[in-house]
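Below are the chains, spelled out letter by letter.
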Amino acid sequence: MTSIPQNLLDDLRHAKEFYDCCIAETEAGHDCVGTGAWRDAENWLKSAALNLGAYLVDGDEVPDA
């Protein structure tokens, strides 16, 4: 599992960081729902995870379970 493209890993990491920022902003009293930030964060995180999963399945890079 050493040949995962860096851009897929970076995308997932950035999506997770954005999601975590939305959590922190909401806890601080900001309206992330009204601005659409929550929806964007959830969509980005889901998309990044699905893209990585698709690569792992299609690229025969599935780790041993």
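Student: Just to check I follow, could you spell out the pattern of salt bridges for this structure?
Tutor: Here the idea is simple: oppositely charged side chains can pair when their charged atoms come close. Inspection of every chain in the model, using the stated rule, returns three salt bridges. Here D10 makes a salt bridge to R13, at a shortest N to O gap of 3.3 Å. A residue pair is termed a helical-turn pair when its members lie 3 or 4 positions apart in one helix, as D10 and R13 do in helix 1 (residues 6-27) at three residues. The exposure class of R13 is partly exposed, given its relative accessible area of 41%. For K16, the salt bridge identified is with D20, shortest N-O distance 2.8 Å. Of this pair, K16 and D20 both sit in helix 1, four residues apart, which is roughly one turn of that helix. One connected set of salt bridges, linked through shared partners, spans D10, R13 and E17.

Student: Explain the nonpolar core to me, please; I cannot follow it from the model alone.
Tutor: Soluble globular proteins tend to bury their nonpolar side chains together. Formed by C22, C32, A37, W38 and A41, the largest nonpolar core amounts to five residues. In terms of residues, this core owes the most to one element, helix 2 (residues 37-58), which gives three residues. Once residues within four sequence positions are removed from consideration, W38 is found in contact with Y19, C22, I23, T26, C32 and V33.

Cut-off values and rules
Numbering of residues begins from 1 in every chain and follows the order in which that chain's sequence is written. A pLDDT threshold of at least 70 governs which residues receive local features in this predicted model, and a stricter bar of 80 or more applies before side-chain atom pairs are shown or counted, although totals over entire chains, interfaces and linings include all residues. The side-chain figures draw on all heavy atoms in the structure; neither hydrogens nor water molecules are used. Any Lys or Arg side-chain nitrogen found within 4 Å of a carboxyl oxygen on Asp or Glu counts as a salt bridge. Where helices and strands are cited, they refer to DSSP runs of H or I of at least four residues and of E of at least two residues respectively, numbered from the N terminus. The buried label goes to any residue with under 20% of its type's maximum accessible area, the exposed label to any with over 50%, and the partly exposed label to all in between, with areas taken from a 1.4 Å probe on protein chains only. Definition of nonpolar core: a set of buried residues of the types Ala, Val, Leu, Ile, Met, Phe, Trp, Tyr and Cys, connected through side-chain atoms within 4.5 Å. Residue contacts follow a heavy-atom distance rule, with two residues in contact if any of their heavy atoms lie within 4.5 Å.

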